[in-house]
Amino acid sequence: MLETAFLRNHPEEARKRLGKRNIDVEGLLGKAATLDEHRRGTQQKLDTELAAMNEQARVIGELMKTGKREEAEAAKAKTAELKERIARLKEDLALAEKALDEHLWAIPNTPQERVPNGKTPEDNVTVMQQGELPQLPANAKPHWELGAEYGLFSLEDGVKLTGAGFPVYHGQGAKLQRALIAFFLERAADAGYVEVMPPLMVNADSAFATGQLPDKEGQMYHAAADDLYLIPTAEVPITNLFRDTIVDAAQLPLKRVGHTPCFRREAGSYGKDVRGLNRVHQFDKVEIVRIEAPENSNTALEDMTNHVKGLLDALELPYRQLLLCGGDMGFTSAITYDMEVYAGAQKRWLEVSSISNFETYQSNRLKLRMRGADKKVQLAHTLNGSALALARIVAALLENNQGPEGIRIPAALRPYTGFSLIAKK
RNA sequence: GGAGAGGUGGCAGAGCGGUUGAAUGCGGCGGUCUUGAAAACCGCUUUGCCCGCAAGGGCAACGGGGGUUCGAAUCCCUCCCUCUCCGCCA
């Protein structure tokens, strides 16, 4: 969430930056200012009363010690009224804090200056595009047909086991998954990311700190008996590793990578966007996370983006980089690049990575701070990006590399798959 | 799942109703000494919020929450977690 100090001290900047989003900026900021003022006022009153009470207790303590029982009892009698006022103010403060926090949670992160204005995906800016779009014959098959034909994965099997949107991978299809994961992890390790294998379920505190709660509650699977959430991305457990910590600035950046399955309810989505592996409830993803000093976070964002481009180059997939507009950006992000690959048979772009700088929006909830050379403590910046999301990569690989003899595996992946072709049966 | 023990500052470890945000040791930072280093000695060493230009001041926090009391790290309730033993088990 946004920092009250920032809203208080830089209202113009907050207004300007939030203006890129499709929201009622004036209403949200006005209310935030009112609630903040009320909270501070209430705390001031409470603190004053508490100071008076502490003084009384000190005096009574002295009297008791020196054996002046009578005077002590008299002093005690006078504290009743104070006590009552304090109790009332405490309630007021709790309510004021709750109201302010809940309101703050409802305000999204402030987009950076360079984020384009806009409301829909049409307003996103294509930063660059790389690779030739494949010229496939007219009878080229979409990946779901290829998956069935070559026995690589089955959505039907998943329906039997679980429900719609839970693919089961078979044979070379399963091995291709494993190869991609290993390849991505290896490349991340080479780039200095330390591998993490986290739990796939997190508690509410974790889900809250990275911003999945309260606003995306319905998007996560929830194990009610234990009140745990299946992670929608490794971002959640990995970033939460640093919750409630103060890191030494000299140790930054902290670079982590993790592979996990990701679980998403995707409530309300249907239609042709969800055919095959385009949108499923469980998919594998390798995620990179960085904790950075504020002055370095934007450089880190570019570095992460270049890392992802390197992966896509190696996979020989045509891709493009989008700079998301204010209206299409995630709630918690200050700037986001989406990477999309072209799936030749579907003739459409599929999002395979989303790379974001959250600045202090997450770290404020995480209480993730850094101590600089000057000993001062301040919030660190968090970033993360997919590197990469599997199911859609597989979709594009299958479609683009289909040929008369089968499906060709890009050279970079062959050491991991152990085969260079998924041959026709 | 059952029984017992316990959760205090970066770590170890006191405190068990009255200037205790917290003894002591280690670690860390600064200084004296030294050609340099070590040792020794001296000082400093949590975080959040609020008021203030600042200096400074106030409030809160001893696993979380609630209660008793003029006053709680210290007493009571409750939840969570850790450890030991038993049971179960990939």
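Preceding this section is the structure that the text describes.
Keep in mind that this is a model prediction, so the values were computed, not measured.

Another aspect to go through is the overall build of chain A. Looking only at helices and strands, chain A has 14 helices and 19 strands in total. Seen through its C-alpha atoms, chain A measures out along the principal axes to roughly 100 × 45 × 45 Å. Counting over 425 residues, chain A shows a buried share of 50%. For chain A, contacts bridging at least 24 residues in sequence account for 73% of all contacts bridging at least 6. A total accessible area of about 20,300 Å² is found for chain A, and carbon and sulfur atoms account for 51% of it. Separation of charge centres in chain A, based on 54 positive and 58 negative side chains, amounts to 1 Å.

The next subject is unusual backbone geometry. The linkage connecting Leu-213 with the following residue, Pro-214, adopts the cis geometry, with an omega of 0°. Looking at where Pro-214 falls in the secondary structure, it is placed in the loop between helix H9 (204-209) and strand S6 (222-223). In this chain, Leu-252 is followed by Pro-253 through a cis amide linkage whose omega measures 0°. Checked against the element boundaries, Pro-253 lands in the loop between strand S8 (245-248) and strand S9 (254-263). At Lys-347, a position not held by glycine, the phi torsion is positive, near 55°. For Lys-347, the position within the fold is in the loop between strand S12 (335-343) and strand S13 (348-359).

Counting 61 residues, the largest nonpolar core has Leu-180, Phe-184, Leu-312, Val-341 and Ile-393 as its most contacted members. Among the elements that make up this core, the one with the highest residue count is helix H13 (residues 390-400) (eight residues). Not counting residues within four places of it along the chain, the set of residues in contact with Leu-312 comprises Leu-317, Tyr-319, Met-339, Val-341, Val-352, Leu-388 and Ile-393. Met-1, Leu-2, Ala-32 and Tyr-361 belong to the second-largest nonpolar core, a separate cluster that totals 15 residues.

So, on to helix H2 (residues 11-18). Along an α-helix, a turn takes 3.6 residues, which lines up residues three or four apart on a common side. Within the sequence span of H2, burial applies to Ala-14, Arg-17 and Leu-18. On an axial view of H2, the arc spanned by its buried residues comes to 95°, and they lie on one face. Exposed and oriented more than 90 degrees from the buried face of H2 are Glu-12 and Lys-16. Buried positions along H2 lie against helix H1 (4-9), helix H3 (25-65) and S13.

This brings us to the sheet that holds strand S17 (residues 402-403). Taken together, the three strands give an open sheet; going across it, the order is S17-S18-S19, and neighbouring strands pair in antiparallel fashion. With one partner strand each, in any of the chains shown, S17 and strand S19 (421-423) form the two edges of the open sheet.

Near RNA strand B lie 21 residues; those nearest to it are Arg-39, Gln-43, Asp-47, Lys-76 and Arg-371. Among atoms of RNA strand B positioned within 4 Å of the protein, sugar and phosphate together represent 77%. Arg-39 is positioned with one of its side-chain polar atoms (N or O) 2.9 Å from a sugar or linking oxygen of RNA strand B. One nitrogen or oxygen atom from the side chain of Arg-371 is found 2.5 Å from a phosphate oxygen belonging to RNA strand B. When residues of the surface near RNA strand B are traced back to their parent elements, those giving at least two are H3, helix H5 (79-105) and strand S14 (368-371). Counting residues per element, the surface near RNA strand B draws most heavily on H3, at 13 residues. Taken together, the residues of the surface near RNA strand B sort by class into eight nonpolar, five polar and eight charged.

This part covers the side chain of Arg-21. Mapped onto the fold, Arg-21 is located in the loop between H2 and H3. For the buried Arg-21, which has no salt bridge, the nearest side chain bearing the opposite charge is Asp-328, at an N-O separation of 9.0 Å. A polar side-chain atom of Arg-21 sits 2.9 Å from the main-chain carbonyl oxygen of Asn-109. Apart from the residues within four sequence positions on either side, Arg-21 is in contact with Pro-108, Asn-109, Pro-111, Gly-326, Met-329, Gly-330, Phe-331 and Ser-333.

Glancing now at the pattern of salt bridges. Counted by the stated rule, this structure contains 21 salt bridges. Linking Arg-85 and Glu-81 is a salt bridge whose minimum nitrogen-to-oxygen distance equals 3.5 Å. Linking Arg-85 with Glu-81, this pair stays in helix H5, spanning four residues, or about one helical turn. Residue class for Glu-81 comes out exposed when judged on its relative accessible area of 54%. Of the charged contacts, one joins Arg-290 and Glu-292 as a salt bridge, the two residues approaching to 2.9 Å between their closest N and O atoms. In terms of burial, Arg-290 and Glu-292 fall into one category: buried.

How each quantity is defined
- Residues numbered from 1 in each chain as written.
- Chains lettered and ligands numbered in written order.
- Predicted model: local features only at pLDDT ≥ 70, side-chain atom pairs only at ≥ 80, totals over all residues.
- Heavy atoms only, no water.
- Helix = DSSP H or I, 4+ residues; strand = E, 2+ residues; numbered from the N terminus.
- Buried < 20%, exposed > 50% of the residue type's maximum accessible area, 1.4 Å probe, protein only.
- Contact = heavy atoms within 4.5 Å.
- Areas by Shrake-Rupley, 256 points an atom, 1.4 Å probe, with all protein chains shown as cover.
- Lys, Arg positive; Asp, Glu negative; His and termini not counted.
- Charge placed at Lys NZ, Arg CZ, Asp CG, Glu CD.
- Core = buried A, V, L, I, M, F, W, Y, C linked by side-chain atoms within 4.5 Å.
- Arc of directions from axis to C-beta.
- Pairing = 2+ DSSP bridges.
- Near = heavy atom within 4 Å.
- Polar contact = N/O pair within 3.5 Å; in protein donor to acceptor, adjacent residues only side chain to side chain.
- Nonpolar A, V, L, I, M, F, W, Y, C, P; charged D, E, K, R; others polar.
- Salt bridge = Lys/Arg side-chain N within 4 Å of Asp/Glu carboxyl O.

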